[in-house]
Amino acid sequence: MKVLVIGGGGREHALVWKLLNDSRKPEVYCAPGNAGTAELATNLDIGSEDVRGIVAWARENRPDLTVVGPEAPLCAGLTDLLEKEGLRVFGPSREASRMEGSKVFAKDVMMAAGVPTAQSSTFTDAAKAIDFIHDIGAPVVIKAEGLAAGKGVTVCATLQEAERAIQESLVEGAFGDAGRRILVEEFLEGEEVSVLALTDGVHVVLLASAQDHKRAFDNDQGPNTGGMGAYSPAPILTPELMPVIEREVFGRTLSELKNRGIHYKGVLYAGLMMTKAGPKTLEFNCRFGDPETQVILPRIEGDLIPALEACIDGTLSPELVRYKPEACVCVVMAAGGYPGAYQKGKEIRGLKMAAKVKQAVVFHAGTRLQDGKVLSAGGRVLGVTALGQTLKEAVDRAYQAVGKISYDGAMFRRDIATKALVK
Ligand code: AMP
Ligand code: GLY
């Protein structure tokens, strides 16, 4: 069996690693991959957004399954194009991917479906948006409609900040076309969690709960990032809450999409705020989370491919996803300066030593191979991951492995999962 994985981050390294352990022993290709996937699979010199290049490769090489990691190729219609070639793809169509690609579309679906979410209004005109924020007051959240590389959302403590964010998006075009429409959204308070689900459009199987750490520095200080670490399970998502989320968030959303004639298959990821009034949906993503995937996949017992194929075939059922009892923790090691300007090309040492720590695995994110050396090549460099009988044991092992790794300017949080340990 031939499997093609699209993407080159920590999420994709984790996917490649898990897929290779499948009992069908697939041959795995990764476009473009990183130094970590290069050790396990065949990297292809095709960027994850080079939709034409991917389709051309797939037409010739006929993968039995393609798993798409990032949102950009999904939103660009990669699934649709590969399916036209008669190929099987795990990942939503272009239209279904609008759940992530257009925050206006996602909000409209949520409102129509009765999914608990923040109140919001949509604007294309800056003056009208500014009048509106003066009516509702701060704090308030300004969101560019489209994909903006994680930078399109500004949580504004003051009206001045909100005015600035409106001007940037609507007048100065800071996010290009992605920011020509904005949502002005009610500010929600609480702890944030991610719930990911597999779906074939009708059936939903929630994946194990996971929590990300979005801020760059300890104690949730500093700027928002792609994610500085994660842990699973997330104790805040109690066994009583999961069925509520399954019904009120995923069930309602999928039946609304179905009513609109949109068939969603793949991963649907809900970013939730646990407010005093219950969980409210902040956003949807049309893909696996990064770094959530790095802590969910190591916990899955046995094969993953049957579950992914069932999403394509419409035969998804909960027995296809079983978990080990262990907890899992991923500490992201980033480049100094991330998420602002950072340097690349730093030699990474100690990877072999880190991998020897019990139950640890180092997922690469922004890395590349050069002359046999592993060099940093992105903002998030590694996802140092470990399983443990308890979250505490997983945390200790992950940090033990982090301690073996060094490169110039390495930056990581020292408090991954501590919030969960004190509960
Ligand atoms: P999003 O891409 O919509 O998830 O937004 C990125 C981040 O902004 C989220 O992870 C939250 O930390 C924050 N955020 C988004 N919407 C809200 C909201 N309505 N209230 C408070 N924080 C928010
Ligand atoms: N960890 C956040 C995301 O994948 O969007």
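Just above, that's the structure.
Criteria and cut-off values
- Residues numbered from 1 in each chain as written.
- Chains lettered and ligands numbered in written order.
- Predicted model: local features only at pLDDT ≥ 70, side-chain atom pairs only at ≥ 80, totals over all residues.
- Heavy atoms only, no water.
- Near = heavy atom within 4 Å.
- Polar contact = N/O pair within 3.5 Å; in protein donor to acceptor, adjacent residues only side chain to side chain.
- Areas by Shrake-Rupley, 256 points an atom, 1.4 Å probe, with all protein chains shown as cover.
- Nonpolar A, V, L, I, M, F, W, Y, C, P; charged D, E, K, R; others polar.
- Helix = DSSP H or I, 4+ residues; strand = E, 2+ residues; numbered from the N terminus.
- Pairing = 2+ DSSP bridges.
- Contact = heavy atoms within 4.5 Å.
- Axes fitted to C-alpha atoms, helices over the stretch in contact; angles between N-to-C directions.
- Buried < 20%, exposed > 50% of the residue type's maximum accessible area, 1.4 Å probe, protein only.
- Salt bridge = Lys/Arg side-chain N within 4 Å of Asp/Glu carboxyl O.
- Phe/Tyr/Trp six-rings, centres within 6.5 Å; stacked < 30°, edge-to-face > 60°.
- Lys NZ or Arg CZ within 6 Å of the ring centre and 35° of its normal.
- 1 Å grid on protein atoms, 1.4 Å probe; cavity = no way out; pocket = protein on both sides within 12 Å on 5 of 7 lines; lining within 4 Å.
- Points joined across faces, edges and corners; volume = space filled by probe spheres on them.

Novice: Would you mind showing me how to read the site of ligand 2 here?
Specialist: Close to ligand 2 lie Asp212, Lys214, Gly226, Tyr269, Asn285, Arg287, Gly289, Asp290, Pro291 and Glu292, which account for all nearby residues. Within the side chain of Arg287, an N or O atom sits 2.8 Å from an oxygen atom of ligand 2. Within the side chain of Glu292, a nitrogen or oxygen atom sits 2.9 Å from a nitrogen atom of ligand 2. For ligand 2, whose unbound accessible area comes to 200 Å², protein coverage reaches 89%. Taken together, the residues of the shell around ligand 2 break down into 2 nonpolar, 3 polar and 5 charged.

Novice: Which parts of the structure should I look at to understand the site of ligand 1?
Specialist: Close contacts around ligand 1 come from 15 residues, with Glu185, Glu186, Leu188, Glu192 and Glu283 the closest. One of the backbone nitrogen or oxygen atoms of Glu186 is found 2.8 Å away from a nitrogen atom of ligand 1. The contact in question runs from an oxygen atom of ligand 1 to an N or O atom on the side chain of Glu283, over 3.0 Å. Here ligand 1 loses 89% of its free accessible area of 470 Å² to cover by the protein chains. Every element with two or more residues in the shell around ligand 1 is listed here: β7 (140-144), β8 (153-156), β9 (182-186) and β17 (278-285). Split into classes, the residues belonging to the shell around ligand 1 amount to 8 nonpolar, no polar and 7 charged.

Novice: It is not clear to me how the sheet that holds strand β12 (residues 211-212) should be interpreted in this structure. Could you clarify?
Specialist: For sheets, the rule is that strands pair by backbone hydrogen bonds, running either parallel or antiparallel. If you trace the 5 strands from one edge of the open sheet to the other, you get β12-β15-β20-β24-β21, paired in antiparallel fashion. Only two strands of the sheet have a single neighbouring strand rather than two, namely β12 and β21 (360-364). Where strand β15 (residues 229-232) and strand β20 (residues 327-334) come together, 4 bridges link them in antiparallel fashion. Among the inter-strand pairings, Ser232 is bridged to a residue of β20, identified as Cys328. Packing of helix α14 (residues 391-402) onto the sheet brings it into contact with β15, β20, β21 and β24 (380-388), and relative to β20 it is tilted by some 30 degrees.

Novice: Looking at this model, I keep getting lost on unusual backbone geometry. Mind explaining?
Specialist: Excluding glycine, residues mostly have negative phi values, and the peptide bonds linking residues are mostly trans. The residue after Ala138, namely Pro139, is reached through a cis peptide bond having omega -5 degrees. Phi at Asp220 is positive, roughly 55 degrees, even though this residue is not glycine. Within the secondary structure, Asp220 sits in the loop between β13 (215-217) and β14 (221-224). Look at Asp220 and you get partly exposed, because its relative accessible area is 31%. With a phi close to 60 degrees, Gln359 is a non-glycine residue in the positive phi region. Given a relative accessible area of 37%, Gln359 falls into the partly exposed group.

Novice: How should I be thinking about the pattern of salt bridges in this particular structure?
Specialist: It is possible for side chains bearing opposite charge to pair when their charged atoms get close. Enumeration over the complete set of coordinates arrives at 23 salt bridges. With a closest N to O distance of 2.9 Å, Glu71 and Arg287 form a salt bridge. Remark: Arg287 occurs in the loop between β17 and α11 (292-296) and Glu71 occurs in helix α4 (residues 71-75); sequence separation between them is 216 residues. By relative accessible area, Glu71 is classed as partly exposed at 21%. For Arg287, a relative accessible area of 13% puts it in the buried group.

Novice: When you look at the packing of aromatic side chains in this model, what are you seeing that I'm missing?
Specialist: One pair of aromatic rings is described through two measures. These are the centre distance and the angle between the planes. In total, this model carries 6 aromatic pairs according to the counting rule given. Judged by centre distance (5.2 Å) and plane angle (50 degrees), the rings of Phe123 and Phe132 are tilted. Assessed through its relative accessible area of 22%, Phe132 is described here as partly exposed. The ring of Phe105 is capped by Arg98, whose NZ or CZ atom sits 4.3 Å from the centre of that ring. The cationic tip of Arg287 hangs over the ring face of Tyr269; the distance from NZ or CZ to the ring centre is 5.8 Å.

Novice: I keep staring at the layout of surface pockets and nothing clicks. Help me out?
Specialist: Where empty space is left in the structure can be found by rolling a water-sized probe over the atoms. Reported here for the second largest pocket is a volume of approximately 460 Å³. Along the wall of the second largest pocket there are 20 residues; nearest its centre are Glu39, Leu351, Lys352, Ala355 and His364. For the lining of the second largest pocket, the elements supplying multiple residues, two or more each, are α1 (10-20), α2 (35-40), α13 (351-355), β21 and β23 (373-376). Grouping the constituent residues of the lining of the second largest pocket by class yields 12 nonpolar, 4 polar and 4 charged.

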